[in-house]
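Each chain, letter by letter, is given below.
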Amino acid sequence: MQEQPLLSIDNLHVKFSRSEDEVFAVNGVSFAIHANESLGIVGESGSGKSVTLMSSIGLLRENGKITSGTANFLGKDLLKLRPRQLEDIRGRDIGVVFQDPMTSLNPVMRIGDQIMEAMLTHQYAGRREAFERTIQLLHEMGIPDPKSRFKNYPHEFSGGMRQRIMIAIALACEPQLLIADEPTTALDVTVQMQILALLQDLRRKHGMSVVMVTHDFGLATNFCDKIIVMYGGKIMEMATTDQFIREATHPYSIGLKRSIIEVGHKGKEIISIPKSAKTLTETPAGCPFAERCTYKTERCHHEVPELRTFGIDHQIACHHAEEVASYAV
Ligand SMILES: Nc1ncnc2c1ncn2[C@@H]1O[C@H](COP(=O)(O)OP(=O)(O)OP(=O)(O)O)[C@@H](O)[C@H]1O
Ligand code: SF4
Ligand SMILES: [Mg+2]
């Protein structure tokens, strides 16, 4: 029997109010992550990756609302906790790396103090120990001369360096779970590899789990045990990475995979899928991908495909997955 998940998100729905209309950003997302597991969430811009993760840890913009769902972390539903309780968990048990480091670093505080503060606030360490660990973390993040860089402010670093500082803050209290939204996008390939190796090491040593949002499909398949593909605020396909590489079947996943082959390993553009994703101002009446899908039938426009088992550790939300699989052979 598999152990209890560390984080289990069930049937999450999130919408935003705008002056004229509403945006249905997350439309029934469910997944779980276990100890020592890494999960990659991929999908093109606007598919709901960031909102899924950020809303489940209480970091939703003011115009956003969770309309249903649960997010159980170590026996507590994060969606029911008070802001203060969530702040306790974030930074201590759950480390968070945001997509844009400049908005989450304090511009008027020395970066060393910001890393130390994470440890002091959560009573992870006393001042001396926190200082030593800060220097160690800066060193591990590949920041040269950590003792003097400790005293610098965020604007004195490049974008890539700031990203590393964010990661150092997130890892400061040795969290059980790291939620990382595009954590290495701003970094060059060598540093990216160093940081991923460090994260792998932490996973091995402390059993840390990682949920990582990334546009880089190659990175997701190299680093993660499981892959989730999102589109239109829903999970389209979820599988172990091996299975995903061998037999991704959802028409959107197939398009994503093909685009990587066509544009090279970075996969920043989706060129093999016609049209582009729309902002959803209504809950989808059918498959959110139907407008762009070459396999669609009439049914796809008026019946929402639910995520269903398609094999061991493999789930898919497509009415015609069996036919698609037979074409793909
Ligand atoms: N504060 C907001 N107000 C209105 N709409 C929002 C807000 N935040 C996000 N959205 C919308 O919710 C949808 C999902 O956004 P989200 O940021 O989760 O996308 P994403 O998959 O993370 O994309 P990216 O890869 O560009 O980061 C998008 O349509 C986005 O425009
Ligand atoms: S449900 Fe229909 S439209 Fe959606 S991916 Fe499957 S075949 Fe395409
Ligand atoms: Mg995002």
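Conventions adopted
Residues numbered from 1 in each chain as written. Chains lettered and ligands numbered in written order. Predicted model: local features only at pLDDT ≥ 70, side-chain atom pairs only at ≥ 80, totals over all residues. Heavy atoms only, no water. Axes fitted to C-alpha atoms, helices over the stretch in contact; angles between N-to-C directions. Helix = DSSP H or I, 4+ residues; strand = E, 2+ residues; numbered from the N terminus. Parallel < 35°, antiparallel > 145°, perpendicular 65-115°, else oblique. Left-handed = near helix turned anticlockwise from the far one by under 90°. Contact = heavy atoms within 4.5 Å. Nonpolar A, V, L, I, M, F, W, Y, C, P; charged D, E, K, R; others polar. Buried < 20%, exposed > 50% of the residue type's maximum accessible area, 1.4 Å probe, protein only. Expected span 1.5 Å × (residues − 1). Arc of directions from axis to C-beta. Near = heavy atom within 4 Å. 1 Å grid on protein atoms, 1.4 Å probe; cavity = no way out; pocket = protein on both sides within 12 Å on 5 of 7 lines; lining within 4 Å. Sits in = over half its atoms within 2 Å of the grid points. Points joined across faces, edges and corners; volume = space filled by probe spheres on them. Phe/Tyr/Trp six-rings, centres within 6.5 Å; stacked < 30°, edge-to-face > 60°. Polar contact = N/O pair within 3.5 Å; in protein donor to acceptor, adjacent residues only side chain to side chain. Areas by Shrake-Rupley, 256 points an atom, 1.4 Å probe, with all protein chains shown as cover. Pairing = 2+ DSSP bridges.

## Some details on the packing of helix H4 (residues 111-121) against helix H7 (residues 159-171)
For step 1, the next point in the chain: At a minimum axis separation of 8 Å, H4 and H7 run at an interaxial angle of 20 degrees. Here H4 lies roughly parallel to H7, going by the angle between them. Judged by the twist between their axes, the crossing of H4 over H7 is right-handed. Where H4 abuts H7, its residues Ile111, Gln114, Ile115 and Ala118 lie against Ile165, Ala168 and Ile169.
For step 2, the next point in the chain: Tallied by class, residues from the contact of H4 with H7 come to six nonpolar, one polar and no charged.

## A closer look at the side chain of histidine 250
For step 1, the next point in the chain: Within the secondary structure layout, histidine 250 lies in the loop between helix H10 (241-247) and helix H11 (251-263).
For step 2, the next point in the chain: Given a relative accessible area of 1%, histidine 250 falls into the buried group.
For step 3, the next point in the chain: Apart from residues lying up to four places away in sequence, histidine 250 is in contact with Met236, Glu237, Phe289, Ile316, Ala317 and Cys318.

## What to know about helix H5 (residues 127-140)
For step 1, the next point in the chain: With 14 residues, H5 ought to run about 20 Å at 1.5 Å a step, and its terminal C-alpha atoms sit 20 Å apart, in line with that.
For step 2, the next point in the chain: Inspection of H5 places Ala130, Thr134, Ile135, Leu137 and Leu138 among the buried residues, and these make up the whole buried set. Looking down the long axis of H5, one finds its buried residues gathered within 165 degrees of arc, a one-sided arrangement. More than 90 degrees from the buried face of H5, the exposed residues found are Arg128 and His139.
For step 3, the next point in the chain: Here the buried face of H5 lies against H4, helix H6 (146-149) and H7.
For step 4, the next point in the chain: A positive phi of about 80 degrees marks glycine 142, the residue just after H5.

## A short note on the site of ligand 2
For step 1, the next point in the chain: Taken together, His250, Pro251, Cys287, Ala290, Cys293, Tyr295, Lys296, Cys300, Pro305, Cys318, His319 and His320 form the complete shell of residues around ligand 2.
For step 2, the next point in the chain: Its atoms largely coinciding with the cavity grid, ligand 2 occupies the largest cavity.
For step 3, the next point in the chain: A class-by-class count of the residues in the shell around ligand 2 yields eight nonpolar, three polar and one charged.

## Overview of unusual backbone geometry
For step 1, the next point in the chain: One non-glycine residue, asparagine 36, lies in the positive phi region at around 65 degrees.
For step 2, the next point in the chain: With respect to the element layout, asparagine 36 can be found in the loop between strand S2 (22-33) and strand S3 (38-42).
For step 3, the next point in the chain: Positive phi values are uncommon outside glycine, yet leucine 74 reaches one of about 50 degrees.
For step 4, the next point in the chain: Position of leucine 74 relative to the elements: it lies in the loop between strand S4 (64-73) and strand S5 (76-77).
For step 5, the next point in the chain: When its relative accessible area of 48% is taken as the criterion, leucine 74 is described as partly exposed.

## Some words on the layout of surface pockets
For step 1, the next point in the chain: Of the volumes computed, that of the largest pocket is approximately 1,300 Å³.
For step 2, the next point in the chain: What lines the largest pocket is a set of 46 residues, and nearest its centre among them are Ala25, Gly46, Ser47, Gly48 and Val51.
For step 3, the next point in the chain: Going through the elements one at a time, S2, helix H1 (49-56), helix H3 (101-104) and helix H12 (298-302) are the ones with two or more residues in the lining of the largest pocket.
For step 4, the next point in the chain: Counting residues per element, the lining of the largest pocket draws most heavily on H1, which supplies four residues.
For step 5, the next point in the chain: Class assignment for the residues of the lining of the largest pocket results in 18 nonpolar, 18 polar and 10 charged.

## Let's talk about the packing of aromatic side chains
For step 1, the next point in the chain: Under the counting rule described, the total for this entry stands at six aromatic pairs.
For step 2, the next point in the chain: Here the aromatic rings of phenylalanine 131 and phenylalanine 150 are separated by 5.2 Å at their centres, their planes lie at 55 degrees, and the arrangement is tilted. Residue phenylalanine 131 is found in helix H5, and its partner phenylalanine 150 is found in the loop between H6 and H7; the two are separated by 19 residues along the sequence.
For step 3, the next point in the chain: Look at phenylalanine 131 and you get partly exposed, because its relative accessible area is 34%.
For step 4, the next point in the chain: Note on phenylalanine 150: relative accessible area 5%, which makes it buried.
For step 5, the next point in the chain: For the pair tyrosine 231 and phenylalanine 289, a centre-to-centre distance of 5.1 Å together with 80 degrees between the ring planes defines the contact as edge-to-face. With tyrosine 231 in strand S9 (residues 226-231) and phenylalanine 289 in the loop between H11 and H12, the pair connects residues that are 58 residues apart, well separated along the chain.

## A look at the site of ligand 1
For step 1, the next point in the chain: In the neighbourhood of ligand 1, 16 residues make up the surrounding shell, with Ser45, Gly46, Lys49, Ser50 and Gln99 lying closest.
For step 2, the next point in the chain: Separating an oxygen atom of ligand 1 from a side-chain N or O atom of serine 45 is a distance of 2.4 Å.
For step 3, the next point in the chain: Take serine 47: an N or O atom from its main chain is 3.2 Å from an oxygen atom of ligand 1.
For step 4, the next point in the chain: In isolation ligand 1 has 630 Å² of accessible area, and contact with the protein removes 76% of it.
For step 5, the next point in the chain: Broken down by secondary-structure element, the contributors of at least two residues to the shell around ligand 1 are S2 and H1.
For step 6, the next point in the chain: Residue contributions to the shell around ligand 1 peak at three residues, all from H1.

## Details of the sheet that holds strand S10 (residues 234-240)
For step 1, the next point in the chain: In spatial order, the strands read S6-S7-S8-S3-S9-S10-S12-S11; together these eight strands make up an open sheet with mixed pairing. In this open sheet, the two edge strands, each paired with only one partner strand, are strand S6 (94-97) and strand S11 (308-311). Shown here is a sheet whose adjacent strand axes are inclined to one another by a mean of 20 degrees, direction ignored.
For step 2, the next point in the chain: When S3 meets S9, the two strands line up parallel, connected through four bridges. Directly across from isoleucine 41, in S9, lies its bridge partner isoleucine 228.
For step 3, the next point in the chain: Contacts from H7 reach S6 and strand S7 (177-181) within the one sheet, and its direction differs from that of S6 by about 170 degrees.

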